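Observations on chain architecture
Listed below are the residues making up each chain.
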Amino acid sequence: MTALGALGAADAGALDFDLPAHLDADAPPEARGGARHDVRLLVARRADGQVVHHRLTDLPALLAPGDLLVVNTSAMVPAALPATRPDGTVLRAHVSGPLQGQRRWLVELRRPAGPGSEAFGDARAGERLALPGGGRLHLHAPHAPGAGPGSAGASSRLWVATLTLPLPLIAYLRRHGHPIRYRTSGRQWPVDAYQTVFAGVPGSAESPCAGRAFSTRLVTDLVAAGIGVAPLLLHTGVSSPEEGEAPYPERYRVPAATAERVNDARARGHRVVAVGTTVARALETVTHADGVTSDGAGWTDLEITHERGVRALDGLLTGWHEPRSSHLRLLAAVAGRPLLAASYAAALDGGYRWHEFGDLHLILRTAPGGARLR
């Protein structure tokens, strides 16, 4: 029996469970002698409510010719920096990303703990910290999502900050930074271990990890089976595992060619499947209430919930998310609450692995050519 709590009728974020430590995938499959694609895949079908165990290499057979996978081409940067307080205390500064329309950044300060880090809540507005190579970090105010810096209800986890650096940010991070890591045990892997085969544009603080298990061979097999692959871009910030914490604005770009392929696939009765919650967020941002997807670029603060539903997506390929995380509300919009609860119960019972190097979850809302759910 799993320690999976009830999925609340009012909030899919009420999906609660105990995540055993041994289900943490702390190394990529390649470190165990396998290939990137050597992970398990749990398939949840909303049309019939079935949950079935597979391998990721089964994906070409699980989709149908004409179906379209949409992938994120953002590349992860080593966004964790050592930051020293005036009293000599060394922290880790996680550079999440720029603030829209400002020359300031969102930054999270954490306390080093082995190869990872732990929460740190004692930072103060106005504090200045030293960064490697003569860089400086100036904290201005806690970030209040949707309300502007310093507003009531702000959280001290993320800070609005100014970075004064001797190099452009990406070059500086490549010289002095390390991949963001939360786990306090195991090995610290280089940034290349987290990159996806689709990565091309640097800018994500953390990996769009649903695409991490794709290999060149798997992509070739998908294309040979008649399944399309289309790109978009969304730069991810630091993850938001805290209960009740909504996503914050992130930069995205959906090319006109991708929007056209999405519309064409749906018009022909084929399915559009997002590879990752980042892709889902970007696509849904540019898809209108009538289901037509446009190209677009900018910042999205969209939060996809069960109540809002999805407009562009017929499926979602994603990793396994933390208890009570905001991502679960997005998953409930795609899967429906009962199927989502059944999937997580099956994953826990079946020993599926969590986090960046872990197993995957494919949610299909329709059968090939089937009627779309609203």
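These remarks concern the structure in this document. (Residues numbered from 1 in each chain as written. Predicted model: local features only at pLDDT ≥ 70, side-chain atom pairs only at ≥ 80, totals over all residues. Heavy atoms only, no water.)

Regarding empty space enclosed by the protein
Filter applied, for reference: Cavity means a closed set of points on a 1 Å grid over the protein atoms alone, one where a 1.4 Å probe fits but cannot get out, pocket means an open set with protein on both sides within 12 Å along at least 5 of 7 lines, and lining means a residue has an atom within 4 Å of a point. Grid points are joined across faces, edges and corners, and a volume is the space filled by probe spheres set on the points. What counts as a helix is a DSSP run of H or I of at least four residues, what counts as a strand is a run of E of at least two, and both are numbered from the N terminus.
For the structure shown, the criterion picks out four cavities of 30 Å³ or more. Here the largest cavity is characterised by a volume of approximately 100 Å³. Taken together, 13 residues form the lining of the largest cavity, with Ser96, Gly97, Pro98, Pro249 and Glu250 sitting closest to its centre. Among the elements of the structure, β6 (90–98) and β14 (250–254) are those that each provide at least two residues to the lining of the largest cavity. The greatest single-element share of the lining of the largest cavity, amounting to three residues, is contributed by β6. Approximately 80 Å³ is the volume found for the second largest cavity. Forming the boundary of the second largest cavity are 14 residues, of which Cys209, His355, Glu356, Gly358 and Leu360 lie nearest the centre.

Examining helix α7 (residues 337–349)
Spelled out, the test is: To estimate how far a helix should reach, multiply one less than its number of residues by 1.5 Å. Buried means the residue's accessible area, taken with a 1.4 Å probe over protein chains only, is under 20% of the maximum for its type, while exposed means over 50%, and partly exposed covers the values in between.
With 13 residues, α7 extends 18 Å from end C-alpha to end C-alpha; this agrees with the ideal 18 Å at 1.5 Å per step. Within α7, 10 of the 13 residues are buried, which leaves it mostly tucked inside the rest of the structure. Taken residue by residue, α7 has Arg337, Leu339, Leu340, Ala341, Ser343, Tyr344, Ala345, Ala346, Ala347 and Leu348 as its buried positions. Among the residues trailing α7, glycine 351 stands out with phi positive, at a value near 70 degrees.

So, the pattern of salt bridges
So the rule is basically this: Salt-bridge detection follows one rule: a side-chain nitrogen of Lys or Arg within 4 Å of a carboxyl oxygen of Asp or Glu.
Overall, the coordinates contain 14 salt bridges when judged by the stated rule. In this structure, the salt-bridge partner of arginine 36 is glutamate 30, at a minimum N-O distance of 3.9 Å. Under the relative-accessibility criterion, glutamate 30 is labelled partly exposed at 33%. For arginine 85, the salt bridge is made with glutamate 127, and the minimal N-O distance between the two is 2.4 Å. Taken as a pair, arginine 85 in the loop between β5 (80–84) and β6 and glutamate 127 in the loop between β8 (116–119) and β9 (128–130) lie far apart in primary sequence, 42 residues in all. Of the two residues examined, arginine 85 and glutamate 127, each falls in the buried class.

Section: unusual backbone geometry
Positive phi values are uncommon outside glycine, yet histidine 355 reaches one of about 80 degrees. By secondary structure assignment, the location of histidine 355 is in the loop between α7 and β18 (360–364). Judged by its relative accessible area of 25%, histidine 355 falls in the partly exposed class.

Quick look at the side chain of serine 204
To keep it simple, the criterion reads: We call two N or O atoms a polar contact when they sit within 3.5 Å, provided that within protein one can donate a hydrogen and the other can accept it, with sequence-adjacent residues counted only if both atoms are side-chain atoms. Residue contacts are defined here by distance: any two heavy atoms, one from each residue, within 4.5 Å place the two residues in contact.
Position of serine 204 relative to the elements: it lies in strand β12 (residues 201–204). Within the local environment of serine 204, its side chain forms a polar contact with the side chain of serine 74, the two groups lying 2.6 Å apart. There is a polar contact of 2.9 Å between the side chain of serine 204 and the backbone nitrogen of threonine 236. Ignoring anything within four residues of it in the chain, the contact list for serine 204 reads Ser74, Ala75, Met76, Val77, Leu234, His235 and Thr236.

Some words on the packing of aromatic side chains
For any pair of aromatic rings, the description consists of the separation of the ring centres together with the inter-plane angle of the planes. Under the convention used in this document: A pair of aromatic rings is counted whenever rings of Phe, Tyr or Trp (Trp by its six-membered ring) have centres within 6.5 Å, and the orientation is called stacked for planes under 30 degrees apart, edge-to-face for over 60 and tilted otherwise. Two limits define a charge over a ring: the Lys NZ or Arg CZ must be within 6 Å of the ring centre, and within 35 degrees of the ring normal.
Counted according to the given criterion, the structure contains nine aromatic pairs. Look at phenylalanine 17 and tryptophan 354: their rings are 6.0 Å apart centre to centre, the planes differ by 55 degrees, and that puts the pair in the tilted class. Taken together, the positions of phenylalanine 17 in the segment before β1 (40–45) and tryptophan 354 in the loop between α7 and β18 put the pair 337 residues apart, joining distant regions of the chain. The same class applies to phenylalanine 17 and to tryptophan 354, which are both buried. With 6.1 Å between their ring centres and 70 degrees between their planes, tyrosine 344 and tryptophan 354 make a pair best called edge-to-face. Residue tyrosine 344 is found in helix α7, and its partner tryptophan 354 is found in the loop between α7 and β18; the two are separated by 10 residues along the sequence. Taken individually, tyrosine 344 and tryptophan 354 each receive the classification buried, so the pair is uniform in this respect. These aromatic residues form a ring-pair network of at least three members: Phe17, Trp320, Tyr344, Tyr352 and Trp354. Directly above the ring of tyrosine 352 sits arginine 40, whose terminal nitrogen or CZ lies 3.9 Å from the centroid. In this structure, arginine 187 is placed above the aromatic ring of tryptophan 189, and the distance from its NZ or CZ to the ring centre is 3.9 Å.

These results come straight from atomic positions and should not be treated as a statement about function.
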